[in-house]
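# Observations on chain architecture
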Amino acid sequence: MNTEEPSFLDLLVEAHIGLDRQGPGSPEMIERALDFLKPWDQFERIADLGCGSGGQTLILAEHLRGRITGLDMFPNFVEVLNQRAKARNLSNRVSGIVGQMEDLPFDKHSLDLIWSEGAIDNIGFETGLVHWHNYLKEGGYIAVTCPSWLTRTHPAAVEQFWTGAGSKLDTIDNNIAILQNSGYQFIASFALPETCWTDDYFAPRDNDIQRMLTKYANSNTMKEYAEQNQHEVELYMQYKQHYGYVFYIGRAI
Ligand SMILES: C[S@@+](CC[C@H](N)C(=O)[O-])C[C@H]1O[C@@H](n2cnc3c(N)ncnc32)[C@H](O)[C@@H]1O
């Protein structure tokens, strides 16, 4: 048992660092999004923003031959991505860097594709799309997932949860209009299935949290962290028909 009181941020990193990914998504849905982006050999320079420990970055690298830079604000996640790329002999074309999505370190108009799963809402869908447009070549693509309303019913408890997490849900129609008004041709959008949340994210995260509840048995912060995660799961199971992650794919014009 660990007697030190961990911070909320420590617990968040510890619960996520060993996971394949840090948010809802799956290899099948990455492939579904990639199907809209053929031919794949057009992508020489790719950025994966808010890459976490790089679950989706490595899947992208299996399909695309170009150079991929994963960017995330958490150095621990970036380090894991770089280790995973090295273990797969991909270090020559996959690398992780620490950075901020709202202040990208790339040359202007240098990227063929910007990928970002589960991260753009942290800086705002529109803010992200407008800022990132500067870094895409003309005709370059964007593929992002963003939590969105799927129906016209917007339960207050869900709204409250996402606002508390520093995010805001909008409807798919509004997000497509924002994409078009931010300098992109709309290509496609589709909602991630429930299994991307339950099987690909909540279940492995819960395994880690159960282990951590033993490790930090005396920690109130840990109890609070576990309760917060449980609340997120219960909220999703109760209201999943009304909201979910949606892929938005566009082309810079
Ligand atoms: C929900 S996780 C998704 C991670 C990964 N893309 C996935 O789908 O598994 C969101 C990620 O965005 C990163 N992030 C949040 N705000 C950021 C910012 N302003 N700049 C860079 N990274 C950020 C977090 O550190 C976290 O790794």
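To be clear, the structure that these remarks concern was listed above.
Before going into details, it helps to say that this report is about the structure given with it. This is a predicted model, so every value here is computed, not measured. (Residues numbered from 1 in each chain as written. Predicted model: local features only at pLDDT ≥ 70, side-chain atom pairs only at ≥ 80, totals over all residues. Heavy atoms only, no water.)

### Some words on the overall build of the protein chain
- When helices and strands are counted, the protein chain shows nine helices and eight strands.
- Against the compact-globule benchmark of 18 Å for 253 residues, the protein chain has a radius of gyration of 18 Å, which places it among compact chains.
- The long-range fraction of contacts in the protein chain, counting pairs at least 24 apart against all pairs at least 6 apart in sequence, stands at 79%.
- Summing over all exposed atoms, the protein chain offers an accessible surface of approximately 11,800 Å²; the carbon and sulfur share of this is 48%. (Helix = DSSP H or I, 4+ residues; strand = E, 2+ residues; numbered from the N terminus. Rg over C-alpha atoms; globule rule 2.2 N^0.38 Å. Contact = heavy atoms within 4.5 Å. Areas by Shrake-Rupley, 256 points an atom, 1.4 Å probe, with all protein chains shown as cover.)

### Let's talk about the environment of Arg67
- Along the chain, Arg67 turns up in strand E2 (residues 67-72).
- Once the C-alpha coordinates of Arg67 and Arg45 are considered, the two residues, 22 residues apart in sequence, prove to be 5.2 Å apart.
- When sequence neighbours within four positions are dropped, the list of residues in contact with Arg67 reads Glu44, Arg45, Ile46, Asn92 and Arg93.

### Details of the environment of Thr151
- Summarising the element assignment, Thr151 is placed in the loop between strand E5 (136-149) and helix H6 (156-164).
- Note: C-alpha distance between Thr151 and Ile172 (21 residues apart in sequence) is 9.1 Å.
- Excluding anything up to four places from it in sequence, Thr151 contacts Gln241 and His242.
- At 3.2 Å, the side chain of Thr151 forms a polar contact with the backbone oxygen of Thr153. (Polar contact = N/O pair within 3.5 Å; in protein donor to acceptor, adjacent residues only side chain to side chain.)

### Side note on the pairing of strand E3 (residues 94-98)
- Bridge analysis of E2 against E3 gives five bridges, and the strand direction is parallel. Bridge pairing links Ile68 to Val94 in E3.
- On the question of chirality, the crossover connecting E2 to the parallel E3 by way of helix H4 (residues 75-87) is right-handed. (Pairing = 2+ DSSP bridges. Right-handed = clockwise from strand over helix to strand, strands pointing away.)

### A look at the pattern of salt bridges
- Per the counting criterion, the structure on display carries nine salt bridges.
- Note that Lys137 is salt-bridged to Asp112, the shortest N-O span being 2.9 Å. A residue pair is termed long-range when its members are at least 10 positions apart, and Lys137 in strand E5 and Asp112 in strand E4 (residues 111-116) qualify at 25 residues.
- Here Lys137 falls in the partly exposed class, since its relative accessible area comes to 29%.
- One network of salt bridges, in which partners are shared, links Glu14, Asp208, Arg211 and Lys215. (Salt bridge = Lys/Arg side-chain N within 4 Å of Asp/Glu carboxyl O. Buried < 20%, exposed > 50% of the residue type's maximum accessible area, 1.4 Å probe, protein only.)

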